[in-house]
Amino acid sequence: MENWRQELEELDRTGMRRSLRTVQGAQGPRVRLEGREVLLLCSNNYLGLAAHPAVVEAAIEATARFGAGTGASRLVCGGMEPHADLEERLAAFKGTQGALLFNTGYAANTGILQGLLGPDDVVFSDALNHASIIDGCRLSRARTVVYPHADAAALEALMAREAPQRKGRWLIVTDGVFSMDGDVAPLPALVRLKEKYDALLMVDDAHGTGVLGEEGRGSAEHLGCLDGIDLHMGTLGKALGSSGAYLAAERTVLDILVNRSRPFIFSTNLPPSAAAAARAALQIVASQEGKELRASLRRNRELFVARLRQEGLDLLGSETQIVPVLTGEPAPTMAASTRLLEEGIFLQGIRPPTVPQGRCRLRATVMADHAPADLERAARAIIDAVGAP
Ligand SMILES: *Cc1c(COP(=O)(O)O)cnc(C)c1O
């Protein structure tokens, strides 16, 4: 215990200690935190679907019909109708032969990479990929070649260098929208490379699904290359307002995962309510209402970003609803986020290992149902907090 206590004290001293907070009530653009109403500027519930009446109703109805839990993993007896319905819907949404649910995005990424790759294989991974992809690469025991962020030319040079000693499968893996930078992967260039070098391309669209593209099908729709992606991974807990994750892909790939993916095999299936809620959310995403929510999200994002850019803040490469403000070191970052919270604006300072050393930031996320006046106020407060830490 004593050395753990010392470790925590050291984290305190360096501004690196993490701790938990409890939001009161449902997730929305404003929430209660420690008894006070605050503007929520750090949720991935981008379209507000987590508390949407139709989504909530679907979860209640599924619980009434199917119960609260599934009682076992899919391979035992935990597979139920809401899961099969949702998989069918996800496959249609991404235009693939099928889809397979996982309990979280973390379980999906670790389970897909571990299930599909082995020691003879090579995985090419973007330097800013999500931690769950990094852990999946480790679990897979494949050789991992990290390429510079979003740099297709550098990736090609690495692939050319690897080619002479190739033994097994090759897989390129990237976030569609990068979770801490808010930029979009160069997918058309990656599609060309995966074709040229006979590799598979996996996109983690945790932050693109529901949000990007005319129909909300994600970053690949946005960039016009939906058919070029072999493995469409995405999550149900962000824009879709529920919980869980999926892989949409060819049937053969899914069948291998059912047989080999440890996080899929050895874990109790998602509750029926989570699957039914995600299915209701997908229906909204595909509807006129979904189009309007995406338009509202884009307008809100433009307004917010324009204010911050006017003041010359470094928003890294943000192109989406994820808007980082670079602050550098941990201490000023956490001071700024504390000051913002005092002013009723709730967003998180992001530190290593989530981002590289010296690249700490305030990570703001815009929602479709934020009031424009609230975003104006938040932008002013951020400018003040970052300017005078
Ligand atoms: C959030 C996130 C995940 C993990 O998804 P969970 O369902 O929260 O476990 C995976 N990849 C990316 C890019 C993410 O942002």
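Refer to the structure printed above.
Residues numbered from 1 in each chain as written. Predicted model: local features only at pLDDT ≥ 70, side-chain atom pairs only at ≥ 80, totals over all residues. Heavy atoms only, no water.

Chemist: Explain the environment of Ala239 to me, and be specific about the residues and the numbers.
Modeler: Along the chain, Ala239 turns up in the loop between strand 9 (231–235) and strand 10 (245–249). Considered as a pair, Ala239 and Gly210 are 29 residues apart in the sequence and their alpha carbons are 5.8 Å apart. Aside from chain neighbours lying at most four places away, what touches Ala239 is Asn44, Tyr46, Leu47, Leu49, Thr209 and Val211. (Helix = DSSP H or I, 4+ residues; strand = E, 2+ residues; numbered from the N terminus. Contact = heavy atoms within 4.5 Å.)

Chemist: Any chance you could break down the site of the ligand for me, citing the residues and the numbers?
Modeler: By nearness alone, 13 residues border the ligand, and Gly105, Tyr106, Asp204, His207 and Lys238 come closest of all. One nitrogen or oxygen atom from the side chain of Lys238 is found 2.7 Å from an oxygen atom belonging to the ligand. Compared with its free state, where it exposes 380 Å², the ligand has 81% of that area covered by protein. Sort the elements by how many residues they give to the shell around the ligand and helix 5 (residues 105–116) lands first, with three residues. For the shell around the ligand, the class distribution of residues is two nonpolar, eight polar and three charged. (Near = heavy atom within 4 Å. Polar contact = N/O pair within 3.5 Å; in protein donor to acceptor, adjacent residues only side chain to side chain. Areas by Shrake-Rupley, 256 points an atom, 1.4 Å probe, with all protein chains shown as cover. Nonpolar A, V, L, I, M, F, W, Y, C, P; charged D, E, K, R; others polar.)

Chemist: Any details on the sheet that holds strand 2 (residues 30–33)? Residues and values, ideally.
Modeler: With respect to topology, four strands assemble into an open sheet ordered 1-2-3-12, the strand pairing being mixed. Two strands close off the open sheet at either side, each with one partner strand: strand 1 (23–24) and strand 12 (345–346). Taken together, the two bridges between strand 1 and strand 2 define a ladder with antiparallel strand orientation. Considered in strand 2, the bridge of Gln24 is made with Arg32. (Pairing = 2+ DSSP bridges.)

Chemist: Which residues make up the pattern of salt bridges, and what values do they have?
Modeler: Where charged atoms from two side chains of opposite charge come close, those side chains can pair. Scanning the entire structure with this criterion turns up 17 salt bridges. Residue Asp12 is joined to Arg17 by a salt bridge in which the shortest nitrogen-to-oxygen separation is 3.2 Å. Residues joined in a network through salt bridges with shared partners are Arg30, Glu37 and Asp374. (Salt bridge = Lys/Arg side-chain N within 4 Å of Asp/Glu carboxyl O.)

Chemist: Please provide a residue-by-residue account of the packing of helix 14 (residues 330–342) against helix 15 (residues 372–387), values included.
Modeler: Helix 15 packs onto helix 14 with a crossing angle of 140 degrees between their chain directions and a minimal axis gap of 9 Å. Between helix 14 and helix 15, the angle falls in the class oblique. In this structure, helix 14 meets helix 15 at a crossing whose hand is right-handed. Contact residues: Ala336, Arg339 and Leu340 in helix 14; Ala381, Ile382, Asp384 and Ala385 in helix 15. Of the residues assigned to the contact of helix 14 with helix 15, the class counts are five nonpolar, no polar and two charged. (Axes fitted to C-alpha atoms, helices over the stretch in contact; angles between N-to-C directions. Parallel < 35°, antiparallel > 145°, perpendicular 65-115°, else oblique. Left-handed = near helix turned anticlockwise from the far one by under 90°.)

Functional significance is not addressed by these values, which are geometric in nature.
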